[in-house]
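# Notes for the structure review
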Amino acid sequence: MFLRFFLLIFFLIYSGVHLYFFARVRGAFTPGPAATACLVLFLAAMIFAPIMVRLSERGGYEATARLLAYVGYGWMGLLFLFFCASLTIDLSRLLLHAAEAVMHRDFLDFSLSTRSSFLIASSCAVCIAVYGYFDALQIRTERTVIESPKIPAEIGRIRLVQISDVHLGLIVRERRLQRIIGEINKANPDLLVSTGDLVDGQINDLSGLVEGLRQIKPRYGKFAVTGNHEYYAGIDQALDFTRKAGFTVLEGEVTEAACITIAGVNDPAGGQMGTGRTVAEQDLLGPLPGSRFTLFLKHRPVVEKGSAGLFDLQLSGHIHKGQIFPFNLVTRLFYPVKTGFSH
C-alpha cells in the first residue's frame, strides 16, 4: 500500500514536471504538429521509463533494461536541473513584473525572452549534469579518528571501514565495485560494515559481483543492515547476495566483535511494505552494557530521542549528501546530518 501511494505521488509530480517542460518548449520554439507529436511521444516514454526498466529486468532483458536506465535516469536528473533553473528564471521575471507595478517603471530592457530563458535554463542544466556525472565517478574516502576509553589498551586501534549506498545493479557494475574494493583494501580494515542499499534494481544477475566482496576478510568480520532499496529490489534476493558476500546481516539484532558490541536495525521501508522485521531501537539498545563500546548500524541518519545515549557511534547513509539540487535542501528538513561526522 505504501509503495503504491509513493509511486502515485512520484508519477504525479514527475508528469507535472514534464508538462512544465513541454510548455516551455512550446513557448520558446512553437514547433509544428509533427515536432510536437514527436516531443509528446518522447516525454511520455521518459515518464514511464522507470517502469519499463523494471519490466525489462523482470523479463530478463538486461541489455535493454540497462540502456533504458541510462537514458531514463539520465533524463530524470537533467529534467529536474532544468526545472529548477527555469523556475528560478520564472520567479525572477515575476519579481521584475511586481517591481514594475509597484515602482511604476518599465524594466523590460532587463527581461529575457521566452526562448532566451529556455536556452539559459537548458545550458545551466547540461553544464551541471556533465559536471555531476564526472564528479560522481570519483570515489573519495574520509578518515575520522574517534577516541574512546571503552576500547581497552590491549586491543589498541580498531580500523573500521564503512560503505553505504553502493547500489549494485544495472548501472553500478564490476568496474566501479572493483575501485571501491581497492579503496577498502588500501584501508586494511579490522572491521567492515555496510549501512544499506548495497544492491539496487531486480538484481537478477549479480553473480559476478559477489566474489570481490567475499574476498575481503577483516579480522573482526563484516556486518550489514538493510536499506530501503533492498526492499525495492526484493528483500530475499538482496539478503542472499549480502550474505554470500560474507556479511552478517543484523535485522534488529546484536552481536559482538572484539571489544565492540554491534547492533543493527532494518530500514523502515521493510515495515511499510510488510516485509521487514521491525524492532524498537530502545528495546534493542536499552539492555546493552554501557561499559562496552556500542556501534549502531542504521541506514537513515536520524537519532531517535529515546535512543540518544544508548550507543557510542551510529553509522548511516541514505541521503547521498543531498545528491542533487534542490533535493539537498529538502533532505536538510528531515536529516540534520548531511554528511561526515557529527556529535
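Preceding this section is the structure that the text describes.
Residues numbered from 1 in each chain as written. Predicted model: local features only at pLDDT ≥ 70, side-chain atom pairs only at ≥ 80, totals over all residues. Heavy atoms only, no water.

What follows is about the overall build of the protein. Along the backbone of the protein there are 12 helices and eight strands. Projected onto its principal axes, the C-alpha coordinates of the protein cover approximately 75 × 55 × 40 Å. When each of the 343 residues of the protein is scored for burial, the buried share is 40%. The contacts of the protein with a sequence gap of at least 6 include a subset with a gap of at least 24, amounting to 72%. Carbon and sulfur atoms form 61% of the exposed surface of the protein, whose accessible area is close to 19400 Å². (Helix = DSSP H or I, 4+ residues; strand = E, 2+ residues; numbered from the N terminus. Buried < 20%, exposed > 50% of the residue type's maximum accessible area, 1.4 Å probe, protein only. Contact = heavy atoms within 4.5 Å. Areas by Shrake-Rupley, 256 points an atom, 1.4 Å probe, with all protein chains shown as cover.)

Inspection of the entire model under this criterion finds 13 aromatic pairs. Centroid distance Phe 11 to Phe 48: 6.4 Å. Interplanar angle 20°. Geometry classified as stacked. Of this pair, Phe 11 sits in helix α1 (residues 2-29) while Phe 48 sits in the loop between α2 (33-47) and α3 (49-58), placing them 37 residues apart in sequence. Their ring planes at 80° and their centres at 5.2 Å tell us that Tyr 133 and Phe 134 sit as a pair that is edge-to-face. (Phe/Tyr/Trp six-rings, centres within 6.5 Å; stacked < 30°, edge-to-face > 60°.)

Once that is clear, we can look at α3. Within α3, burial applies to Ala 49, Pro 50, Val 53, Ser 56 and Glu 57. Taken end-on, α3 shows its buried residues confined to a sector of 125°, consistent with a single buried face. Of the exposed residues in α3, those oriented more than 90 degrees away from the buried face are Leu 55 and Arg 58. Within two residues after α3, Gly 60 carries a phi angle of roughly 85°, on the positive side. (Arc of directions from axis to C-beta.)

Here the focus is the sheet that holds strand β6 (residues 260-264). Strand order in the open sheet formed by four strands is β5-β6-β7-β8, and the pairing between neighbours is mixed. Bordering the open sheet on either side are β5 (253-257) and β8 (313-315), each of which pairs with just one other strand. Here the strands of the sheet are splayed against their neighbours by 25° on average, with no regard to which way each runs. Relative to β6, β5 runs antiparallel, the two being bridged by five bridges. The residue bridging Thr 255 from the neighbouring strand is Ile 262, located in β6. (Pairing = 2+ DSSP bridges. Axes fitted to C-alpha atoms, helices over the stretch in contact; angles between N-to-C directions.)

Here the focus is the nonpolar core. In this structure, Leu 168, Leu 198, Leu 213 and Phe 241 are the most contacted members of the largest nonpolar core, which totals 22 residues. Contributions of two or more residues to this core are made by β1 (160-163), α6 (174-187), α7 (210-214) and α9 (235-244). Those residues in contact with Phe 241 that lie beyond four places of it in its chain are Leu 168, Leu 198, Val 199, Leu 206, Leu 209, Val 210 and Leu 213. Formed by 21 residues, the second largest nonpolar core is a distinct cluster that contains Phe 22, Ala 28, Leu 81 and Ala 125. (Core = buried A, V, L, I, M, F, W, Y, C linked by side-chain atoms within 4.5 Å.)

Let us look at the pattern of salt bridges. Side-chain pairs of opposite charge can arise whenever the charged atoms involved come near each other. Counting across every chain of the model gives 14 salt bridges. For Asp 135, the salt bridge goes to Arg 140, with nearest N and O atoms at 2.7 Å. Measuring nitrogen to oxygen at the nearest pair gives 3.8 Å for the salt bridge that ties Glu 256 to Arg 292. Of this pair, Glu 256 sits in strand β5 while Arg 292 sits in the loop between α11 (281-285) and β7 (293-297), placing them 36 residues apart in sequence. (Salt bridge = Lys/Arg side-chain N within 4 Å of Asp/Glu carboxyl O.)

In terms of burial, strand β2 (residues 191-195) is a largely internal element, five of the five residues being buried. Alternating residues of β2 divide into Leu 191, Val 193 and Thr 195 and Leu 192 and Ser 194, and every residue in both groups is buried. Across four bridges, the pairing between β1 and β2 is parallel. Following the sheet pairing, Leu 160 is matched in β2 by Leu 191. Between the parallel elements β1 and β2, the chain passes through α6 in a crossover that is right-handed. (Right-handed = clockwise from strand over helix to strand, strands pointing away.)

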